[in-house]
Amino acid sequence: MLPQHQLGMVAGMLSLLLMLPAAITSCDRIQNFLGKLWRMLHLLSVPAFLLCAVHAVLIGSHYLGGFEWKLHNQLLTAVLAVVTVLVMFVRSRLFWSLLSLEKFYISPVKQK
């Protein structure tokens, strides 16, 4: 196994571990029990999402092609990177203010 594939496997396993608390605490009863801690647990999905993208690039899954680093696979990797950046941008206040929909933005951290 190549070192890049080992790093990809580690990124995938870490991503899965970060998503586990969100999956376990998704039901209403646990959400009410945890209160504000529930939101903090579910914010672990952000680094998990980034690690998923790293995993997909490093492993070279069939979504991105085989193990060859050809132009086609490079373009698909670039598309994955752009989509990842766009998803992170949608989570920002700037995105919502550009659309004049800032009143619908909910900050992940408490505003003072």
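Scroll up for the structure.
This structure is a prediction, so every number in the text was calculated from the model and none was measured.

(A) Here's a closer look at the overall build of the protein chain. Counting its regular elements, the protein chain contains six helices and zero strands. N-terminal to C-terminal, the α/β element order of the protein chain is α-α-α-α-α-α. Looking at the protein chain as a whole, 19% of its 112 residues are labelled buried. For the protein chain, contacts bridging at least 24 residues in sequence account for 50% of all contacts bridging at least 6. For the protein chain, the accessible surface area stands at approximately 8500 Å², while carbon and sulfur atoms represent 74% of it.

(B) The arrangement of the packing of helix α4 (residues 45-59) against helix α5 (residues 71-90) in detail. It is the contact of α4 with α5, at a shortest axis distance of 10 Å, that shows an interaxial angle of 175°. One finds that α4 runs roughly antiparallel with respect to α5. Between α4 and α5, the residues in contact are Val46, Phe49, Leu50, Ala53, Ala56 and Val57 and Thr77, Leu80, Thr84, Val87 and Met88, respectively. The class makeup of the residues in the contact of α4 with α5 is nine nonpolar, two polar and no charged.

(C) Structural detail: the layout of surface pockets. Roughly 230 Å³ of internal volume is contained in the largest pocket. Listed by contribution, the elements that provide at least two residues to the lining of the largest pocket are α3 (36-42), α4 and α5. Here the lining of the largest pocket takes three residues from α4, the largest share from any one element. Its residues placed into classes, the lining of the largest pocket shows ten nonpolar, two polar and two charged.

(D) Region of the structure containing the packing of helix α1 (residues 3-24) against α4. Between α1 and α4, the least distance of the axes is 8 Å, while the angle of their chain directions is 155°. Here α4 runs roughly antiparallel to α1, going by the angle between their axes. Crossing hand, α1 versus α4: left-handed. Taking contact as the criterion, the partners of Gln4, His5, Leu7, Gly8, Met9, Ala11, Gly12, Leu14, Ser15, Leu18 and Met19 in α1 are, on α4, Ser45, Pro47, Ala48, Leu51, Cys52, Val54, His55, Leu58 and Ile59. Looking at side-chain class alone, the contact of α1 with α4 contains 13 nonpolar, seven polar and no charged residues.

(E) Looking closely at the packing of aromatic side chains. Tallied over the full model, the rule gives two aromatic pairs. Ring plane angle 80° and centroid distance 5.5 Å describe the contact between Phe89 and Phe95, whose orientation is recorded as edge-to-face. Taking the centre distance of 5.3 Å and the plane angle of 90° together, the rings of Phe95 and Trp96 count as edge-to-face. Overall, Trp96 belongs to the partly exposed group, its relative accessible area being 23%.

(F) Up close: the environment of Ser107. Along the chain, the position of Ser107 falls in the segment after α6 (93-98). Taking the C-alpha atoms as reference, Ser107 lies 8.7 Å from Arg91; in sequence the two are 16 residues apart.

What counts, and at which threshold
Residues numbered from 1 in each chain as written. Predicted model: local features only at pLDDT ≥ 70, side-chain atom pairs only at ≥ 80, totals over all residues. Heavy atoms only, no water. Helix = DSSP H or I, 4+ residues; strand = E, 2+ residues; numbered from the N terminus. Buried < 20%, exposed > 50% of the residue type's maximum accessible area, 1.4 Å probe, protein only. Contact = heavy atoms within 4.5 Å. Areas by Shrake-Rupley, 256 points an atom, 1.4 Å probe, with all protein chains shown as cover. Axes fitted to C-alpha atoms, helices over the stretch in contact; angles between N-to-C directions. Parallel < 35°, antiparallel > 145°, perpendicular 65-115°, else oblique. Nonpolar A, V, L, I, M, F, W, Y, C, P; charged D, E, K, R; others polar. 1 Å grid on protein atoms, 1.4 Å probe; cavity = no way out; pocket = protein on both sides within 12 Å on 5 of 7 lines; lining within 4 Å. Points joined across faces, edges and corners; volume = space filled by probe spheres on them. Left-handed = near helix turned anticlockwise from the far one by under 90°. Phe/Tyr/Trp six-rings, centres within 6.5 Å; stacked < 30°, edge-to-face > 60°.

Read these as layout, nothing more, since geometry by itself doesn't imply function.
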